[in-house]
Amino acid sequence: MKIRSHFILVLALLTVVPILFLTSFVVYLNLTSPERVLFSRLEKMKGFDFAAMPKSDKDAVVKYLRERPPSFEEAFFFSDGMTILSTIPHIPGEGRIDAEKLSFRLFENSDQYYYQLSAIPIQCYDGKLIHLVRYPKNAVKSGALREGALPRPRNFVAAFVLIFEAIFAILSLFIMNRIAGSIRLVEQEAKKLDDGDVEKPIHIPLNKGHSNEITNLLTHLESFRKTFKQRKKRRDSFVMGLSHDLKTPLAVIKGYSEGIADGLFDGPKKRKEALDVIVQKATSLESMVDELVNFVKMNESDWNANMANKDLKEFLESFATYIKPTCEIFNREMEASIQIPSGVTVKMDEQMLSRALGNIFSNAIRYSNPKTTVFLDARMEKDSAVITITDQGIGITQEDAGQVFKLFYRGTRSRREQGHGIGLSVAKTATDIHGWDIRVESELHKGSSFIITIPLTS
Ligand code: ADP
């Protein structure tokens, strides 16, 4: 059953049932009201034309009868003894009753009944219409007979409840319509994504009347769509770049192998040279595949990065200790200045970040000369922690600086170094996954700084 049907069912129960109940209550009260009883009995009265009575008299009769006891037997007669209606057994409904006889009868049963004798104040009968009511004494004792008049139908209460119910029903319908409309909207947009359409932006209603908690889901869907689209684009360009970059060494290997097979390389010396090229390209391919496997692994972990709260100072200090021997092997000085207070924790995937910082450090070594220094600096700045890795190397041109984080991008000045343009892509992916920022500042022949900004929002 859909939410909509559930809602309609609940709405029906909340409105229809009370309305039915109230309507029957009102009908019941009306049917049993003193006025009804009066009219049904008056209709039976012989020689009493109630319909022909003036309105003021009718009102007087009704008012009078409202005040009589609720459970009773009654008789109407004129002051001359002429009865016109009687439900009391020993008083005849038609004919005449003698006043003496009547008082005797009343007296006779007075141990069992209470009697109430009143003259109905009406003009047309000159105040002579007499009404006798009797009701059993034991009914009073047992509490079966309530004092006072029969409850009047509380029409105004019923009307109030009915109006309330109607407002409630209209409001509920309005709310249901909004909820159903919002759900429909989310369903529609989610279906687009389900059909694989990540190109078109999700339609988010900006109109206040249409924006609510349900439609707010669309904002999340939109940011999911954007991220998904970005990742898809990254993967597509990754696969494109991959096939392109793998093709070049493969083409060389293929060309040299065919040359050897066709006997193009005469003599063992030339063949050896050709074979050396093949081995060199195969080795290059192998290291490229290794780097790619790492990159793919990292991108896979986008979805389940192993995040945990870590003390930033501790992490950076242990990273500095780990990287120092590598710098020494390559004859580079390493200076670390970690000015992050203890206790500043950051949510991170330690392994992923070590790999990212490792790549930046290895570049700092590769693109600088021996006996230079690589600096690791970390400090607090406003609401962020900033990590900077600086080298005194060849620097990056303005043009390259905007591209170096792209997959397979190799700087124009880096050809002399072995590399595949993957290392900084890995660093960028890692910082992106953490929601951090990475940028480069560089001056040619002086060196480069890679700056990672970690927002510290508690
Ligand atoms: P690779 O070093 O394998 O080419 P990277 O992705 O690590 O790939 O770097 C991309 C490019 O950025 C490099 O080719 C190089 O031109 C430039 N680069 C990276 N780090 C530095 C650095 N510390 N100094 C100068 N250039 C650098």
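Scroll up for the structure.
Rules behind the numbers
- Residues numbered from 1 in each chain as written.
- Predicted model: local features only at pLDDT ≥ 70, side-chain atom pairs only at ≥ 80, totals over all residues.
- Heavy atoms only, no water.
- Pairing = 2+ DSSP bridges.
- Helix = DSSP H or I, 4+ residues; strand = E, 2+ residues; numbered from the N terminus.
- Phe/Tyr/Trp six-rings, centres within 6.5 Å; stacked < 30°, edge-to-face > 60°.
- Buried < 20%, exposed > 50% of the residue type's maximum accessible area, 1.4 Å probe, protein only.
- Lys NZ or Arg CZ within 6 Å of the ring centre and 35° of its normal.
- Near = heavy atom within 4 Å.
- Polar contact = N/O pair within 3.5 Å; in protein donor to acceptor, adjacent residues only side chain to side chain.
- Areas by Shrake-Rupley, 256 points an atom, 1.4 Å probe, with all protein chains shown as cover.

What follows covers the sheet that holds strand β4 (residues 113-120). Overall, antiparallel pairing links the 5 strands, which are arranged β3-β2-β1-β5-β4 in an open sheet. At either end of the open sheet lies a strand with only one pairing partner, and these are β3 (95-96) and β4. Relative to strand β5 (residues 129-136), β4 runs antiparallel, the two sharing 8 bridges. Within β5, the residue paired with L117 across the bridge is L132.

Aromatic ring pairs are reported here in terms of the distance separating the ring centres and the angle at which the planes meet. Under the counting rule described, the total for this entry stands at 6 aromatic pairs. For the ring pair F319 and F361, a centre distance of 5.7 Å and an interplane angle of 65 degrees mean the geometry is edge-to-face. Here F319 is found in helix α9 (residues 312-329), whereas its partner F361 is found in helix α10 (residues 350-366), with 42 residues between them in sequence. Owing to a relative accessible area of 3%, F319 belongs among the buried residues under this scheme. Summarising the aromatic geometry, the rings of F405 and F450 are spaced 6.2 Å apart at their centres and angled 90 degrees between planes, so their arrangement reads as edge-to-face. Of the two residues, F405 sits in the loop between α11 (398-401) and α12 (423-434) while F450 sits in strand β12 (residues 447-455), which places them 45 residues apart along the sequence. Exposure class is identical for F405 and F450. Each is buried. Among the aromatic side chains, those forming a connected cluster through ring pairs are F319, Y322 and F361. Across the ring face of Y113, the terminal group of R134 is positioned such that the distance to the ring centre comes to 3.6 Å.

Right, let's talk about the site of the ligand for a bit. Residues in close proximity to the ligand total 20 residues, the closest being N363, Y367, D391, R410 and L424. One of the side-chain N or O atoms of Y367 is found 2.8 Å from an oxygen atom in the ligand. Within the contact set of the ligand, an oxygen atom lies 3.3 Å away from a backbone nitrogen or oxygen of G423. When isolated, the ligand has an accessible area of 530 Å², and the protein chains bury 97% of it. Elements with a contribution of two residues or more to the shell around the ligand: α10, α12 and β12.

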